[in-house]
Amino acid sequence: MTEIVRMTAIEKHFPGVHALRAARFDLHHGEVHALMGENGAGKSTLMKILSGIYAPDSGSIQVAGAEVSIADPRAAQALGIGIIHQELALMPDLTVAQNIFIGREPRNRWGILDEAQINKDAEAIFATMKVRIDPTAEVRRLTIARQQMVEIAKALSFRSRILIMDEPTAALNENETEELFTIIRRLKSEGVAIVYISHKMNEIRRISDRVTVMRDGAYVGTVGAADTTIETIISMMVGRELDQTVAAIPDLTGAPVALAVRGLRHGRMVRDVSFELRQGEILGFAGLMGAGRTEVARVIFGADPREAGEIEVHGTARDIRSPQDAVAAGIGYLSEDRKQFGLALGIDVRGNIALPSLDRFSDRFLRVDEAGLAQAAARQIQSLGIRTPSDRQEVRLLSGGNQQKVVIAKWLLRDCDILIFDEPTRGIDVGAKAEIYRLLQTLAEAGKAIIVISSELPEILRVSHRIAVMCEGRLTGILPGGPQTSQHEIMRLATRRESEPEEATA
Amino acid sequence: MTATDTQQGSKPRRPASGAQQKILAFASLIVLLMFFSVASPNFLQTGNILAILQATSVNGVLAVAATLVIITGGIDLSVGTLMTFTAVTAGVVLTYWGLPMPFGIIGAIAMGAFCGFISGTLVARLKIPPFIATLGMMLILKGLSLVVSGTKPIYFNDTPSYPALSTGSLIGKLFPSLPIPNGVVILFVLAMVISWVLNRTTLGRYCFALGSNEEAVRLSGVNASGWKVAIYALAGGICGVAGLLISSRLNSAQPALGLGYELDAIAAVVIGGTSLAGGRGSILGTIIGALIMSVLLNGLRIMSVAQEWQTVVTGAIIIAAVYADMLRRSRAG
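All of the points below concern the structure found in this document.

The subject of this paragraph is empty space enclosed by the protein. In this structure the tally under the stated criterion is three cavities of 30 Å³ or more. Reported here for the largest cavity is a volume of approximately 180 Å³. Lining the largest cavity are 16 residues, with Gln77, Gly82, Ile83 and His85 of chain A together with Leu219 of chain B sitting closest to its centre. Of all the secondary structure elements, the ones that give two or more residues to the lining of the largest cavity are helix H2 (73-78), strand E6 (81-84) and helix H5 (144-157) of chain A. Here the lining of the largest cavity is composed, by residue class, of nine nonpolar, five polar and two charged.

Pasting the structure below:
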């Protein structure tokens with residue numbers, strides 16, 4: 001195996017942060033090399049240096065044996081280094097082909113663009129990738145998975161020999177992930193070296209040849225993917241053994257029903273959904289992307305109109321028409337996209353925690369009781385273990401796991417006892433994930449009724465007391481949680497089409 | 001497993017949505033024309049139609065400039081006073097310095113481009129929000145116009161052919177039955193050129209790309225701030241054309257004029273369906289938007305509606321146009 005990239009002794013400081021400490025990394029021709037580490041371990045920073053987005057403070061980078069300095073993204077492109085960013089860097093209003101060739105549009109000497117040429121070139125790239133995407137389609141009309149394919153096509157159009165993928169499957173469902181893996185394997189067989197950043201252990205094992213682990217900006221080690229256990233990799237990442245045990249499932253048959261939903265309907269995505277949730281219970285919602293899980297949560301929360309169906313909270317029928325109604329009924333929704341919907345990032349921790357409860361901390365002249373708020377915020381920070389220098393820290397400066405906890409704190413302070421978590425650990429690293437799982441357990445033990453929506457089956461299996469599975473807007477079955485249910489059983493229900501009706505209930 | 005899941009979205013499900021807004025705006029224009037034709041016999045007269053077109057020329061040119069900046073996701077509040085400043089520049093060159101007319105034309109456009117370059121630099125290099133940067137430029141240019149002219153109008157008495165720049169009619173000379181003023185011809189030629197630039201050149205492509213996702217443009221290795229400066233400079237140059245048109249129509253550079261023109265220009269852009277969020281828009285839409293505004297004002301005037309009420313109606317139309325656009329967009333999903 002020949003080496004194509006060697007990075008050694010890379011140092012990088014950001015204001016107040018020593019982001020990379022003598023970091024190193026090497027990459028072989030035609031290998032898929034996973035780069036792992038908790039959030040903030042420096043993986044993305046290191047790859048941004050390789051792709052010319054950041055300049056290192058010091059250190060050496062060799063590409064194909066020659067010492068190089070990579071000043072900007074263009075220089076990286078010239079060296080055959082392409083990066084697919086975690087947050088897709090596409091222009092949604094432009095067409096697929098226009099996106100791929102941005103900055104390199106073929107044009108004649110009067111600067112006139114040759115649209116037909118780029119469409120043809122884009123078509124050719126998709127043909128080599130063996131995917132079918134219309135080059136003239138507006139990118140905003142494509143699914144996230146298709147947009148990712150466009151990003152890959154763009155990287156390939158530079159004749160990239162080195163392709164960096166930063167959490168490429170974060171927003172993909174199982175099928176789409178499979179499609180991506182097929183493309184990765186094809187590229188690999190053509191000699192493209194791929195750096196694969198991901199938090200998903202099972203993917204790393206399946207797709208990568210070698211794994212390099214980073215921690216706190218430093219290099220920990222490189223191991224072969226085939227002959228290393230997941231536990232070893234995790235302990236390299238966190239520097240300690242993780243508690244992987246699943247908590248015992250309590251017997252809740254006698255517990256009062258906190259939330260009962262009957263015949264819920266909303267368009268094609270929610271079709272006749274009925275279930276019950278008991279106090280102290282964690283009900284997992286599994287299904288492929290687009291199965292309607294988030295839509296069910298949004299309808300229950302009043303964010304989308306309920307076309308039919310009844311919602312009962314603690315035995316009383318509630319006519320929930322808006323999120324305000326839902327919150328008044330004690331339902332809190334922790335949305336999938338914390339940054340966009342769940343948190344005001346520029347506001348401090350205290351302000352975010354207080355947001356839904358401000359009316360209780362202000363008098364009739366609307367004066368805010370800051371002292372009371374500070375106390376309440378301090379209690380939540382302590383009980384949830386939110387790591388923040390103070391309650392006046394802006395939320396955007398916290399890590400993903402701690403941001404998630406701030407959202408939880410905000411609903412707990414509002415006395416919500418029915419909590420709906422939509423993808424609670426998306427974008428959160430392994431260590432923080434375990435902590436969120438423990439927290440869910442603690443909340444359930446304290447009598448909260450909890451719904452967890454997740455696209456990661458291991459996560460569903462780990463946290464749920466019961467598992468509701470959806471497919472194409474219908475609830476196709478409810479399975480018991482714990483070891484007696486396999487991923488295979490869930491997938492069977494998650495892919496059951498309407499043509500094969502069959503009732504399954506736990 | 002679900003074939004629809006993976007195939008979905010690979011084909012565009014509807015035509016480019018900008019087209020619909022243009023059709024909507026165009027239909028509104030036709031409805032307005034029909035309404036006023038029925039309401040007043042004086043409306044559909046050649047003289048009146050030419051007056052409407054003539055009135056559109058200045059606002060139309062400014063709106064074309066504003067469209068470029070708005071598509072990048074920015075806003076240019078300085079187009080009105082920049083127009084005035086370029087008019088004053090033409091006055092200085094032609095009347096104070098006594099140079100021949102081509103120098104005045106080049107001077108005004110070059111000054112416009114230079115001021116646009118400054119605005120663009122403030123926005124793209126110093127990262128000052130466009131609203132603030134161009135608000136500052138708007139006041140600076142208003143002040144400079146008064147300073148340079150000594151707060152008095154500059155007349156173009158030494159350049160007798162100057163008024164013909166906008167009010168003369170080359171077409172009328174060739175076809176006496178079609179006395180379309182030059183100002184109108186300039187507007188339409190300019191609109192066609194800029195429309196072509198937007199759709200067929202790199203500059204236009206980056207215009208849409210910047211408004212769509214500026215970070216993505218930068219990460220693609222494109223000199224994003226350089227192109228943005230160029231777009232603002234082009235917009236500034238176009239304001240120079242507007243400065244020439246208005247000063248030749250008034251046969252003088254009026255230094256106190258200009259404030260408020262930027263809002264009419266932005267209104268025309270918005271009515272024409274260009275998104276204030278950036279990334280989508282068209283010159284054709286903007287021209288239709290500018291025509292809607294002048295038809296409306298002209299028609300209301302002919303129907304003897306008080307000027308105060310004309311302003312009220314214009315405001316209502318802007319809100320209605322944007323709301324119609326939002327409705328259409330939410331239906332498009």
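There's more to say after this.
With that out of the way, let us pick up the interface of chain B and chain A. Chain B puts 34 residues into the contact, and the matching count from chain A is 43 residues. Both sides together, the interface formed by chain B and chain A hides about 3200 Å², and carbon and sulfur atoms give 49% of it. Our count for the contact surface shared by chain B and chain A stands at three salt bridges. Two residues, Arg280 of chain B and Glu138 of chain A, come together in a salt bridge whose shortest N-O distance is 2.7 Å. At the boundary of chain B and chain A, one finds eight residue pairs in polar contact (both at pLDDT 80 or more). For the side of chain B that touches chain A, the secondary structure elements donating two or more residues are helix H1 (3-7), helix H9 (182-200) and helix H10 (202-219) of chain B. Among the elements that make up the side of chain B that touches chain A, the one with the highest residue count is H10 of chain B (11 residues). Here the residues of the side of chain B that touches chain A are counted per class, giving 12 nonpolar, 15 polar and seven charged.

All names here are of chain B. In the contact formed by H9 and helix H11 (residues 224-250), the axes pass within 11 Å of each other and the chain directions differ by 170°. Viewed along their axes, H9 and H11 adopt a mutual orientation that is roughly antiparallel. Of the residues in H11, those touching H9 at Gly183, Ile186, Leu190 and Ile194 are Leu234, Ile238, Val241 and Leu245.

A few words on the sheet that holds strand E2 (residues 17-28) of chain A. Residues and elements named next belong to chain A. Taken in spatial order, the four strands make up an open sheet running E2-E1-E4-E5, and their pairing is antiparallel. A single partner strand is all that each edge strand has here, and the edge strands are E2 and strand E5 (66-68). Adjacent strand axes in the sheet meet at a mean angle of 25° when their direction is disregarded. Relative to E2, strand E1 (residues 3-14) runs antiparallel, the two sharing eight bridges. Within E2, the residue paired with Ile10 across the bridge is Ala23. Packed on one face of the sheet, helix H1 (residues 43-50) meets E1, E2 and strand E4 (58-63) and runs near 115° to E1.

The description of two packed helices rests on the angle between their axes and on the distance between the axes. All names here are of chain B. Packing of helix H3 (residues 46-71) against H9 leaves a shortest axis separation of 8 Å and a crossing angle of 20°. Taken together, the axis directions place H3 and H9 in an arrangement best described as roughly parallel. The chirality of how H3 crosses H9 is left-handed. Residues Leu53, Gln54, Thr56, Ser57, Gly60, Val61, Val64, Leu68 and Ile71 of H3 form the contact with H9, whose own contacting residues are Gly183, Val184, Leu187, Phe188, Leu190, Ile194 and Leu198.

About the thresholds
- Residues numbered from 1 in each chain as written.
- Chains lettered and ligands numbered in written order.
- Predicted model: local features only at pLDDT ≥ 70, side-chain atom pairs only at ≥ 80, totals over all residues.
- Heavy atoms only, no water.
- 1 Å grid on protein atoms, 1.4 Å probe; cavity = no way out; pocket = protein on both sides within 12 Å on 5 of 7 lines; lining within 4 Å.
- Points joined across faces, edges and corners; volume = space filled by probe spheres on them.
- Helix = DSSP H or I, 4+ residues; strand = E, 2+ residues; numbered from the N terminus.
- Nonpolar A, V, L, I, M, F, W, Y, C, P; charged D, E, K, R; others polar.
- Contact = heavy atoms within 4.5 Å.
- Buried area = accessible area lost by both parts, 1.4 Å probe.
- Salt bridge = Lys/Arg side-chain N within 4 Å of Asp/Glu carboxyl O.
- Polar contact = N/O pair within 3.5 Å; in protein donor to acceptor, adjacent residues only side chain to side chain.
- Axes fitted to C-alpha atoms, helices over the stretch in contact; angles between N-to-C directions.
- Parallel < 35°, antiparallel > 145°, perpendicular 65-115°, else oblique.
- Pairing = 2+ DSSP bridges.
- Left-handed = near helix turned anticlockwise from the far one by under 90°.

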